[in-house]
Amino acid sequence: MKVENRDIKYPRIELRTGQLHFILPMNMQYHPIMDKYEYWITEKKNEINKALKHAEKLKLHSRNQEEVKVLINKLIDEYSSEYSIVVNRIVLRKLISKWGSCSSQGSLTFNKMLTYLRDHHFRYVVFHELIHLIERKHTHKYWSLISEKFPDYKEIENELLSYWFLINKKGKR
Ligand SMILES: [Zn+2]
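What counts and what doesn't
Residues numbered from 1 in each chain as written. Predicted model: local features only at pLDDT ≥ 70, side-chain atom pairs only at ≥ 80, totals over all residues. Domains from an automatic or database assignment. Contact = placed C-beta atoms within 7 Å. Nonpolar A, V, L, I, M, F, W, Y, C, P; charged D, E, K, R; others polar. Pairing = 2+ DSSP bridges. Helix = DSSP H or I, 4+ residues; strand = E, 2+ residues; numbered from the N terminus. Axes fitted to C-alpha atoms, helices over the stretch in contact; angles between N-to-C directions. Expected span 1.5 Å × (residues − 1). Parallel < 35°, antiparallel > 145°, perpendicular 65-115°, else oblique. Left-handed = near helix turned anticlockwise from the far one by under 90°.

### What to know about the domain arrangement of the protein chain
Okay, step 1: On domain assignment, one finds that the protein chain holds domain 1 (2-55) and domain 2 (65-169).
Okay, step 2: On the side of domain 2, five residues touch domain 1, which itself brings four residues to the contact.
Okay, step 3: Within the side of domain 1 that touches domain 2, the residues separate by chemical class into three nonpolar, one polar and no charged.

### Observations concerning the sheet that holds strand β1 (residues 2-6)
Okay, step 1: Strand order in this open sheet of three strands is β1-β3-β2, and the pairing throughout is mixed. Single-partner strands in this sheet number two, and they are β1 and β2 (12-16). Mean inter-strand twist for the sheet, computed between neighbouring axes without regard to direction, equals 30°.
Okay, step 2: Where β2 lies against strand β3 (residues 19-25), five bridges are found, and the strand directions are antiparallel. Looking at the pairing, Arg 12 lines up with Ile 23 of β3.

### What to know about helix α2 (residues 65-82)
Okay, step 1: The terminal C-alpha atoms of α2 lie 26 Å apart, and with 18 residues this matches the ideal 26 Å at 1.5 Å per residue to within 8%.
Okay, step 2: Ser 84 lies just past α2 and shows a positive phi near 50°.

### Topic: the packing of α2 against helix α3 (residues 119-131)
Angle between the axes and distance between the axes are the two parameters that describe a pair of packed helices.
Okay, step 1: Where α2 contacts α3, the axes come no closer than 10 Å and their chain directions differ by 50°. Judged by the inter-axis angle, α2 sits oblique to α3. When the axes of α2 and α3 are compared, the crossing they make is right-handed. Note on element contacts: α3 touches α2 through Phe 122, Arg 123, Val 126, Phe 127 and Leu 130, opposite Leu 71, Ile 72, Leu 75, Ile 76, Tyr 79 and Ser 80.
Okay, step 2: Class assignment of the residues belonging to the contact of α2 with α3 gives a composition of nine nonpolar, one polar and one charged.

In structure tokens form, the structure reads like this:
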């Protein structure tokens, strides 16, 4: 965290090559927002380090794209009839920053990297996106629906982060 003074009226924050810079007005040495950000960054770094450490223990699955498609379709059939959800379209492709996404038109997109996940996590990702067709945001209601099927969803979410690092480290995208 770097602090700089500049001829400005209000404090601002700039992110340069992964480092946070606090730009403060000339006569200001400190602003409470600095503590908030410092804390947030430390938390994020800890999360990432934990995920990296855990990644060393994970094993990657290997399915071909056809198997991935078949499995996604099977899970969607199962869950959508159970929850009476209508899915319009299922897409499997490369996604840069997430495992899956859903659109308001009822189509679900999944990351090709699902191929490396173990079954439990695979199921979770599919279920996670599908439930977004009932509840768009990560509300309390959303997580309670999720926990009906995946009471361990917090652990899975953490592990998914580890898988993410592991897969990307190996350049398997
Ligand atoms: Zn979500």
